[in-house]
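# Reading the structure
Residue-level listing of the chains:
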Amino acid sequence: YRLNPLEGSSTVFNRNAGYIYGLKTSLIKTYFQNRCTQLDEGYTLAYEMTHVRYMGTDTVVKVMKGDTVVETYKILIFGDLSGDGQINHIDVSIISDIIDGTYELEEGSLVEIAADVYQPGSGITIEDKELLHDVYWDFSSLPQNPYATI
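A few points on the structure. Computed from a predicted model, the values in this text were never measured in an experiment. (Residues numbered from 1 in each chain as written. Predicted model: local features only at pLDDT ≥ 70, side-chain atom pairs only at ≥ 80, totals over all residues. Heavy atoms only, no water.)

Turning to the overall build of the chain, a few remarks are in order. A count of helices and strands for the chain gives four helices and seven strands. Reading the chain from its N end, one meets helices and strands in the order β-β-β-α-β-β-β-β-α-α-α. The 150 residues of the chain split such that 39% are buried. Contacts spanning at least 24 positions in sequence make up 52% of the contacts within the chain whose residues lie at least 6 apart. Carbon together with sulfur atoms contributes 46% to the accessible area of the chain, which is approximately 8400 Å² in total. Taking the 10 positively charged and 22 negatively charged side chains of the chain as two groups, their mean positions are separated by 12 Å. (Helix = DSSP H or I, 4+ residues; strand = E, 2+ residues; numbered from the N terminus. Buried < 20%, exposed > 50% of the residue type's maximum accessible area, 1.4 Å probe, protein only. Contact = heavy atoms within 4.5 Å. Areas by Shrake-Rupley, 256 points an atom, 1.4 Å probe, with all protein chains shown as cover. Lys, Arg positive; Asp, Glu negative; His and termini not counted. Charge placed at Lys NZ, Arg CZ, Asp CG, Glu CD.)

Okay, unusual backbone geometry next. In the Ramachandran plot, serine 26 falls in the positive-phi region, its phi being about 55 degrees despite a non-glycine side chain. For serine 26, the location among the structural elements is in the loop between β3 (19-21) and α1 (29-36). Judged by relative accessible area, serine 26 falls into the partly exposed class, the value being 24%. If you check the backbone angles, aspartate 138 has positive phi at about 60 degrees while not being a glycine. Among the secondary structure elements, aspartate 138 is positioned in the segment after α4 (126-136).

Another aspect to go through is the environment of valine 135. Among the structural elements, valine 135 can be located in helix α4. Judged by its relative accessible area of 11%, valine 135 falls in the buried class. Residues valine 135 and aspartate 100, 35 residues apart in the sequence, show an inter-C-alpha distance of 20 Å. Ignoring anything within four residues of it in the chain, the contact list for valine 135 reads Ile87, Ser140, Ser141 and Leu142.

This part takes up the pairing of strand β7 (residues 68-75). Here two bridges tie β3 to β7, and the two strands are oriented parallel to one another. Bridged to isoleucine 20 within β7 is isoleucine 75. Alignment of strand β6 (residues 60-65) against β7, held across six bridges, turns out to be antiparallel. Considered in β7, the bridge of valine 60 is made with lysine 74. As consecutive antiparallel partners, β6 and β7 are separated by two residues, and within that stretch glycine 66 has a phi angle of approximately 65 degrees, a positive value. (Pairing = 2+ DSSP bridges.)

Given below as structure tokens:
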């Protein structure tokens, strides 16, 4: 692999599923490149972002050798359902719509994984909505590596 977690960072690669998590919210490209990942010499990164400022859930990261894509990953920020790189009122609204059945959610999508924050892997429930609400209002925090074992 040409792109790897930076030693000592919280960055995690799920290479089988093709996504990267363990990242902070409000993540900018230079922070990602310098503080989260290690890129082999002679390679560059290209991004497909849905939002201009921050890297969020579903941001595409491509490892390039010249004009050739050699690896592709998507960013996963737990709690960031809108893809704007933050956990805010938009995400609380989206998870409310998911629970109400008014938001079309693709099974196995990164948005589905990002929304399942209360007990990851248990499915999206009212507890996930309550936790996102509490994170938005700074009553609680949300670990970006919920699969870590202690």
